[in-house]
Amino acid sequence: MAVAERRFRNYIAGEWVDASSGEMRPDENPADVREILGFFPRSTEVDVDRAVEAAAEAFATWRRTPGPQRAAILHKAANILEARAREVGEALTREEGKTIGEGVGEVLRGVQILRFFAGEPLRPFGEVFSATTADTFLWAERVPLGVVGVITPWNFPVAIPLWKLAPCLAYGNTAVFKPAELTPLTAHLITEVFIEAGLPPGVLNLVHGPGSVVGEAIARHPKVTAVTFTGSNAVGRHLYQVASERGAKVQLELGGKNPLLVADDADLNFAVELATSGAFRSTGQKCTATSRVIVLESVVRDFTEKLVERARSLKVGPGMDAATYMGPLVSEEQRQRVLSYIETGEQEGARLLTGGHELAEGDLRYGYFVAPTVFADVAPGMRIAQEEIFGPVVGVIRARSLEEAIEIANGVGYGLSASIVTRDIRKAFDFIRSIEAGVVHVNSETAGAEPHVPFGGMKGSSSFSREQGRAAMEFFTQVKTVYLDMPPA
């Protein structure tokens, strides 16, 4: 396989610049590690400081840029990204591993996100109130925060950066963007799109590098007013502590342990397809992936047999192969994490029905492949039923009633997404009212979210804020209340 010799740079103050360290990291294809897509900087605190200073300087002008002008740039960015959808989608697939259909689909979702937020600067941003005196004009308006640190994960390297960057910029903030080290190429391409769309220098700054250095420096920087982060709970909680200690505003979107409930009246073939897609699309590397299927005991045997048969039928291979259903895990570290959880599940007494091992036949030996894995006889308290695995592993849990199924579903520290499969509207509403999740589905999989509605979780899955849709305004702006009194006559 080819090795791309291109050496990429950071983007700071409107220029592509080398990192201060001079160190580079290879960007490898997880489906075939012989393919290197390029080399990317390992930046330091010095580079973060340069980027923050550039963003702070640009904020003075960008915050006063008329809304229609900001809207026009975002709208142009959407058109450019749409025209480059195949190129960006292929880059995503080659460096993250998901299938080409999912890769291009994610880019097109990014186009939808940009188009939605291109409309935001044209919508109302405040309220007018009645004052107690006749000569007072009283209103409250939404104003930008300042410099925002945008720290994003590798599993949705187009969609998640855009659903943070688009509202950040639309509402008049400037950004220091730190993407995951495993997916730097898509971040580079996103930045190119904004540059081509006419975003002024300093408004968006891209700094590559390790989270322990670059992310930490962003969270600690005194001129970073807010930090928005999606990733692991451990890192998120640490960044929250670091940034909030100095008074910065912090938004966290973290993990999930998402249940699919299968009622005894469900169409089992339909339920199996939802479970399969939710558990194994994107190789289970979604915060909204289905990792638990809680099934009423009267149908659990039939459901489990069908799920195992479906899992065994899935084609696993490189994402660029159009026939592939499930690609590789993103890295060797992630693969070892998943295999460790599988071993733990067996030790805890869960029954491994299919999968549970690496796939290394033929060219698959050059990638990070694990077979789609199904456990049965999973007890609610097992680690594989409580902790986020972030891989193609699903556990089937038996429940004696819908009430018990909901209790099991709620019995974890997460509360991101949940779904039920049923024909009974009363069961559906009982589930909706009782489930502790920020995103609730009925007769659809746990993964998936429309770009124009709020997204976020409860309990350990979130910092109580929401992303996407108009809800994004709550984080990326602050309220200014104005009393305008007439001068004496």
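Right above here is the structure, for reference.
Residues numbered from 1 in each chain as written. Predicted model: local features only at pLDDT ≥ 70, side-chain atom pairs only at ≥ 80, totals over all residues. Heavy atoms only, no water.

Peer 1: Could you clarify how one ought to interpret the overall build of the protein in this entry?
Peer 2: Summing up its helical and strand segments, the protein has 15 helices and 21 strands in all. In summary, the protein has a C-alpha radius of gyration of 23 Å against a globular reference of 23 Å for 489 residues, a match within 12%. With 489 residues in all, the protein has 60% of them scored as buried. Taking as baseline every contact in the protein between residues at least 6 positions apart, the subset at least 24 positions apart corresponds to 74%. Looking at the protein as shown, the accessible area adds up to about 19400 Å², and 52% of this sits on carbon and sulfur atoms. (Helix = DSSP H or I, 4+ residues; strand = E, 2+ residues; numbered from the N terminus. Rg over C-alpha atoms; globule rule 2.2 N^0.38 Å. Buried < 20%, exposed > 50% of the residue type's maximum accessible area, 1.4 Å probe, protein only. Contact = heavy atoms within 4.5 Å. Areas by Shrake-Rupley, 256 points an atom, 1.4 Å probe, with all protein chains shown as cover.)

Peer 1: Sorry, what's going on with the layout of surface pockets here?
Peer 2: Unfilled space is identified by rolling a water-sized probe across the atoms. Taken as a whole, the largest pocket spans an internal volume of roughly 990 Å³. As for the largest pocket, its lining consists of 37 residues, of which Pro153, Trp154, Gly231, Ser232 and Val235 are closest to the centre. Of all the secondary-structure elements, those providing two or more residues to the lining of the largest pocket are helix H7 (211-220), strand S10 (224-230), helix H8 (233-245) and helix H11 (332-348). Class assignment for the residues of the lining of the largest pocket results in 15 nonpolar, 13 polar and nine charged. Mapped by element, the contributors of at least two residues to the lining of the second largest pocket are helix H4 (100-118) and helix H5 (159-170). Residue contributions to the lining of the second largest pocket peak at five residues, all from H4. (1 Å grid on protein atoms, 1.4 Å probe; cavity = no way out; pocket = protein on both sides within 12 Å on 5 of 7 lines; lining within 4 Å. Points joined across faces, edges and corners; volume = space filled by probe spheres on them. Nonpolar A, V, L, I, M, F, W, Y, C, P; charged D, E, K, R; others polar.)

Peer 1: What exactly am I supposed to notice about empty space enclosed by the protein here?
Peer 2: In the structure shown here, the tally under the stated rule is four cavities of 30 Å³ or more. Within this model, the largest cavity holds a volume of roughly 90 Å³. Its residues assigned to classes, the lining of the largest cavity shows six nonpolar, six polar and three charged.

Peer 1: Teacher, can you tell me more about the side chain of Glu388 here?
Peer 2: Its location among the elements puts Glu388 in the loop between helix H12 (383-386) and strand S16 (393-399). Summary of buried charges: Glu388 has no salt-bridge partner, and the nearest side chain of opposite charge, Arg337, is 5.3 Å away. There is a polar contact of 3.1 Å between the side chain of Glu388 and the backbone nitrogen of Gly256. In this structure Glu388 touches Gly255, Gly256, Lys257, Lys286, Cys287, Arg337, Tyr341 and Tyr414, once residues within four positions along its chain are discounted. (Lys, Arg positive; Asp, Glu negative; His and termini not counted. Salt bridge = Lys/Arg side-chain N within 4 Å of Asp/Glu carboxyl O. Polar contact = N/O pair within 3.5 Å; in protein donor to acceptor, adjacent residues only side chain to side chain.)

Peer 1: Looking at this structure, how should I read the sheet that holds strand S13 (residues 290-296)?
Peer 2: The pairing of strands in a sheet happens through backbone hydrogen bonds and is either parallel or antiparallel. Spatially, the seven strands line up as an open sheet ordered S14-S15-S16-S13-S12-S18-S19, and their pairing is mixed. In the strand order of this sheet, the two ends are held by strand S14 (351-354) and strand S19 (439-442), each with one partner. The sheet shows a mean angle of 20° between the axes of neighbouring strands, taken without regard to direction. In terms of strand pairing, strand S12 (residues 258-262) meets strand S18 (residues 417-421) through three bridges, oriented parallel. (Pairing = 2+ DSSP bridges. Axes fitted to C-alpha atoms, helices over the stretch in contact; angles between N-to-C directions.)

Peer 1: So what exactly am I meant to see when it comes to the sheet that holds strand S21 (residues 477-485) here?
Peer 2: Taken in spatial order, the three strands line up as S5-S6-S21 in an open sheet, and their pairing is antiparallel. Sheet topology places strand S5 (126-129) and S21 at the edges, where each strand pairs with a single neighbour. The average angle at which neighbouring strand axes cross in this sheet is 15°, direction not considered. Of the pairings in the sheet, the one linking S5 to strand S6 (residues 136-144) comprises four bridges and is antiparallel in character.

Peer 1: Mind showing me how you'd approach the pairing of S6 here?
Peer 2: Put simply, side chains in a regular strand alternate between the two faces of the sheet. If you look at the hairpin formed by S5 and S6, you'll find six residues sitting between the two strands. Judged from the nine bridges that link them, S6 and S21 form a sheet pairing that is antiparallel. What sits directly across from Ala140, in S21, is Thr481.

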